[in-house]
Amino acid sequence: MRFASRMSKLPPIPTLAMNTKAAEMKAQGVDVISFAAGEPDFDTPEHIKEGAIQGLRDGATKYTAVRGIPALREAISDWAEEHKGLRYDPKTEVIVTVGGKQSVFNALHVLVEEGDEVVIPAPIWVAYEPVATLTGAKPVLVQTSEENGHKMTAEQLREVVSARTKIVVINSPCNPSGCVYSREELEAIAEVVLSTGAMVMSDEIYGKITYDGEEHVSMAGFSDEMKARTLVLDGFSKTYAMTGWRLGYTLARPEIIEAMDTLQGQSTSNATSFAQYGGVAALRGSHEFLDGWVAQYDARRKAIVEGLNSIEGLSVVNPKGAFYAFPRVSEIFGRQGPDGVLKNSMDVGLYLLEHAHCAGVPGAGFGNDNYVRFSYATSLENVKEGIERIRAAVGQLG
Ligand code: PMP
Ligand code: GLU
């Protein structure tokens, strides 16, 4: 069958592919520890489920406005003011999307096309580059360094921007490196952005998951000009453990929201009606549970970082946010496994899956083939057991 040529530009999403592979092995009775999906292992809090159930009971079974029910847009607007210090008009500057992923897809599709460039610091989450490519735009990957904590510097950005630069992507806290940009670093980046005509796509989905006193900062808060130039992307999946609900949103100036509304109206229409009521309950309800969750992630973070760094051939920069460890594995390239020499991050990922029964996601999809990503949104027990399995498997390499 001949598919449309655009499909040749789009690889399958490696995070979910690895997760599915691990689930299949588990179903066959293999005791796999999955560090694959970036998905909280906690259940959605009860009061949020109740919000959705109540919505259903009250008849929220119909289409809603494409951009979402007013109550959710108002809750998002209030939450952004309280938690990010940003004010957006719920009528014109907020759109609810089917997961944060649809915000990425729609934002890029309404803003860029052939001839445009999208600057993407790497390593970074797996969707921006393929979706930018799908629009016809050119992704410009900026390789960050471990020395700079996997963060793009303003200098690096200055070297790649031009009149063609339409969007600069910032994801802080970052998936997969866990880096968190400081206010000063973002201010320097904002200065470069303002010297061009570019916009910033600021993916803040891990904004509530930070450690060691680090705080997430939004570039949209720097000035009216930066606010006008920034799209803030956020969602419910990570903060409230609502990955399956498919609920996210974008905050931006009215004409951008209007364009995203038009595109969404021709594709998914609205996010699921009763899920939106759960979203209202999440934002308006108590956030007390979150401190406990972050404390648990933090304990796992410490265990996985210490464990990975204690394995010869692996080393990891301490993540300051999100729930991923992104160790460098390139030192074990060239070593011999039972299925051949390990040559790249995919070989290492498959070796660890087959021989340590631990699933991670190869770094190639994140824009750097020297790494493998492990999500520590799993129990401390799994983290400890997984480390010992990985240690044993790496030790067996020839
Ligand atoms: N942004 C980042 C950085 C992510 O890691 C993810 C992964 N879930 C998303 C956006 C999208 O999440 P969702 O579609 O579940 O809201
Ligand atoms: N974002 C998560 C991850 O990186 C979930 C899977 C996906 O949407 O890519 O694993």
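Small disclaimer: the values here were computed from a predicted structure and weren't measured. (Residues numbered from 1 in each chain as written. Chains lettered and ligands numbered in written order. Predicted model: local features only at pLDDT ≥ 70, side-chain atom pairs only at ≥ 80, totals over all residues. Heavy atoms only, no water.)

Draft legend 1. Just the site of ligand 1, in detail. Neighbouring ligand 1 are 13 residues; G100, D203, Y206, S237 and K238 lie closest to it. Contacts to ligand 1 include K101, whose backbone N or O atom sits 2.9 Å from an oxygen atom. Here D203 contributes a side-chain N or O atom positioned 2.6 Å from a nitrogen atom of ligand 1. Burial of ligand 1 by the surrounding chains reaches 93%, relative to a free accessible area of 390 Å². The site holding ligand 1 turns out to be the largest pocket. For the shell around ligand 1, the leading source of residues is helix α4 (residues 99–111), giving 3 residues. Across the shell around ligand 1, the residue classes break down as 4 nonpolar, 5 polar and 4 charged. (Near = heavy atom within 4 Å. Polar contact = N/O pair within 3.5 Å; in protein donor to acceptor, adjacent residues only side chain to side chain. Areas by Shrake-Rupley, 256 points an atom, 1.4 Å probe, with all protein chains shown as cover. 1 Å grid on protein atoms, 1.4 Å probe; cavity = no way out; pocket = protein on both sides within 12 Å on 5 of 7 lines; lining within 4 Å. Sits in = over half its atoms within 2 Å of the grid points. Helix = DSSP H or I, 4+ residues; strand = E, 2+ residues; numbered from the N terminus. Nonpolar A, V, L, I, M, F, W, Y, C, P; charged D, E, K, R; others polar.)

Draft legend 2. Quick look at the site of ligand 2. As a structural note, the neighbourhood of ligand 2 is formed by I13, T15, L16, A37, G38, K101, W125, V126, N175, K238, Y324 and R373. Note that an oxygen atom of ligand 2 is positioned 3.1 Å from one of the side-chain N or O atoms of W125. For ligand 2, a nitrogen atom lies 3.4 Å from a polar atom in the side chain of K238. A total of 280 Å² of accessible area belongs to ligand 2 in isolation, and the protein chains cover 89% of it. Applying the majority rule of atoms within 2 Å of the grid points places ligand 2 in the largest pocket.

Draft legend 3. The arrangement of the pairing of strand β4 (residues 138–143) in detail. As judged from the 6 bridges shared by strand β3 (residues 117–122) and β4, these two strands associate in the parallel manner. The residue of β4 that forms the bridge with I120 is L141. Each parallel crossover has a hand, and for β3 linked through helix α5 (residues 128–135) to β4 it is right-handed. (Pairing = 2+ DSSP bridges. Right-handed = clockwise from strand over helix to strand, strands pointing away.)

Draft legend 4. Geometry of the pairing of strand β7 (residues 230–235). Counting buried positions along β7 gives 6 out of 6 residues, so the element sits mostly inside the fold. Of the two faces of β7, the one carrying T230, V232 and D234 and the one carrying L231, L233 and G235 are both buried. Of the strand pairs in this sheet, strand β6 (residues 199–203) and β7 are connected by 4 bridges, and their pairing is parallel. In the strand pairing of β7, M201 is matched with L231. Sheet topology places β7 next to strand β8 (residues 248–251); 4 bridges connect them, and they run antiparallel. Residue D234 lies in a different strand from β8, and its bridge partner there is Y249. (Buried < 20%, exposed > 50% of the residue type's maximum accessible area, 1.4 Å probe, protein only.)

Draft legend 5. Structural context of unusual backbone geometry. The omega torsion across A122 and P123 is 0°, close enough to zero to call that bond cis. Secondary-structure assignment places P123 in the loop between β3 and α5. The step from N175 to P176 runs through a cis peptide bond, and the omega angle for that step is 20°. With respect to the helices and strands, P176 occurs in the loop between β5 (165–171) and α7 (183–194). Despite not being glycine, D212 has its phi angle at roughly 55°, a positive value.

Draft legend 6. Structural context of the sheet that holds strand β14 (residues 372–375). Spatially, the 3 strands line up as an open sheet ordered β9-β14-β13, and their pairing is antiparallel. Of all strands in the sheet, those bounded by a partner on one side alone are β9 (324–325) and β13 (361–362). Bridge count for β9 against β14 is 2 bridges, and the pairing is antiparallel. If you follow A325 over to β14, its bridge partner there is F374.

Draft legend 7. Main features of the pattern of salt bridges. On inspection of all chains with the given rule, the structure shows 27 salt bridges. A salt bridge links R87 to D78; its shortest N-O distance comes to 3.2 Å. You can call R87 partly exposed: its relative accessible area is 39%. Note on D78: relative accessible area 31%, which makes it partly exposed. (Salt bridge = Lys/Arg side-chain N within 4 Å of Asp/Glu carboxyl O.)

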